[in-house]
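What follows is the residue order along each chain.
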Amino acid sequence: MRAIVYEGANQIAVKDIPAPRLKEGWALVKVSHAGICGTDVNIYSGFHPRATAPLVMGHEFSGTLESDGVPGMAKGTRVTVYPLLSCGHCTPCREGNGHVCNTLGLLGIDCDGGFGEYVQVPVESIIPLEDRVSFKMGALVEPVAVCVHALRGRGFTPGDNALVIGGGAIGLCTALTLRVFGASSVLMFENDPFRAELARSMGFEVVSTVGMDVEDYCKSRTGGDGFDWVMDCAGVQPVANMLLDAVKVRGHILIIASYPKPASMPFIKGMFKEITIEFTRVYRRKDFAVAAQIVAADPNFEKVITHVLPVEDAQKGFDLAMTKGSNAIKVMFSFD
Ligand SMILES: [Zn+2]
Ligand SMILES: [Zn+2]
């Protein structure tokens, strides 16, 4: 089968490799679409602590079930796949929090993933796609599940207002998810003109923070209060500096971005406002199932996918995903 194989730092190749030999309790999926995530870029760059070459990356994918005997699902079912691999017996797993397993693994990092024509996946991780969800959108379920998990079970209430900082794939999906979940208003901070324009085309108001007094501005936009929810989808120090100025008294800050470097915050401001700061990591199965529904709830989700390339263009795909100013948000490969 054809696959994009990670062969070492900054080295990938499109190759013919043997199809997976099925393990007990796993099933075969014929991949249709697979998206490049920041984690894949991290692996490609040689920075990921667990990924070892040779590896077929990819944990955001859709395809067709090729195996018989999966309970409740016929061969040929259109599916996406919950890519987390939890141990099942550590304390977080036993307490029902397998998504933050002490030794959490992922398809495409700890074993071969979706950047190949075929991938084997645990039977219980297969999630059927509704007819109205295309394969392309099926491969977007994973990043949307991150945003769904960020909001579900944290006290978000329809009618709350929100500020989303950062208009990359996760920022755009977070803004769209907030709107589906009934936010009264969603404002975005994004300084890149292409990203700002893309968010505007989805119906969001977007402002640049260049030269902005963040505290004054956020007060002026919220009747003097600040935002109920401030979503950090950027993960850089200048954004960490503004979170506590943007949020209202007793409001919520959600760190959705993964910070590559340690960051600091003026904690005293958080104390005075009695702020809740929460971090969020991946998703539960239920979040994944919800995401598989809501990608079809708003046609704007499709705009997040800026490039779909044939598998032969693997290098081009990674170059697009890594180059600042390439105007790429979500880059996908098609195996069809
Ligand atoms: Zn990802
Ligand atoms: Zn575990």
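Residues numbered from 1 in each chain as written. Chains lettered and ligands numbered in written order. Predicted model: local features only at pLDDT ≥ 70, side-chain atom pairs only at ≥ 80, totals over all residues. Heavy atoms only, no water.

Colleague: What am I meant to see in the sheet that holds strand β13 (residues 205–207) here?
Modeller: Sheets are built from strands paired through backbone hydrogen bonds, the pairs being either parallel or antiparallel. Taken in spatial order, the six strands line up as β13-β12-β11-β14-β15-β16 in an open sheet, and their pairing is parallel. Every interior strand has two partners, whereas the edge strands, β13 and β16 (276–279), have only one. On average, adjacent strands in this sheet sit at an angle of 20 degrees to one another, irrespective of strand direction. Bridge analysis of strand β11 (residues 161–165) against strand β14 (residues 227–232) gives four bridges, and the strand direction is parallel. (Pairing = 2+ DSSP bridges. Helix = DSSP H or I, 4+ residues; strand = E, 2+ residues; numbered from the N terminus. Axes fitted to C-alpha atoms, helices over the stretch in contact; angles between N-to-C directions.)

Colleague: Help me understand the environment of Met322, please; the structure alone is not making it clear to me.
Modeller: Relative to the assigned elements, Met322 resides in helix α11 (residues 314–322). Beyond its immediate chain neighbours, meaning those up to four positions away, Met322 contacts Val41, Tyr44 and Ser45. (Contact = heavy atoms within 4.5 Å.)

Colleague: How do you make sense of the pattern of salt bridges when you look at a structure like this?
Modeller: Side-chain pairing between opposite charges can occur once the charged atoms of the two side chains come close. This structure, assessed with the given rule, holds 16 salt bridges. Arg152 is paired through a salt bridge with Asp287; the nearest N and O atoms lie 3.0 Å apart. With a gap of 135 residues between them, Arg152 in the loop between α4 (141–151) and β11 and Asp287 in helix α10 (residues 285–294) connect regions that are remote in the sequence. By relative accessible area, Asp287 is classed as buried at 2%. The closest approach of N and O atoms between Asp245 and Lys269, which form a salt bridge, is 2.8 Å. Residue Asp245 is found in helix α8 (residues 237–246), and its partner Lys269 is found in helix α9 (residues 267–273); the two are separated by 24 residues along the sequence. Because the salt bridges share partners, they merge into one network encompassing Arg2, Glu117 and Glu312. (Salt bridge = Lys/Arg side-chain N within 4 Å of Asp/Glu carboxyl O. Buried < 20%, exposed > 50% of the residue type's maximum accessible area, 1.4 Å probe, protein only.)

Colleague: Explanation requested: the domain arrangement of the chain in the structure shown.
Modeller: When the parts of a complex come together, some accessible area is lost, and that lost area is often used as the size of the interface. If you check the domain split of the chain, you get domain 1 (2–144 + 283–334) and domain 2 (155–279). Averaged C-alpha coordinates put domain 1 and domain 2 at centres separated by 28 Å. Listed by partner, the interface residues are 15 residues for domain 1 and 16 residues for domain 2. For the pair domain 1 and domain 2, the summed buried surface comes to about 1,300 Å²; carbon and sulfur atoms form 75% of the total. Summed over the shared surface of domain 1 and domain 2, the number is one salt bridge. (Domains from an automatic or database assignment. Buried area = accessible area lost by both parts, 1.4 Å probe.)

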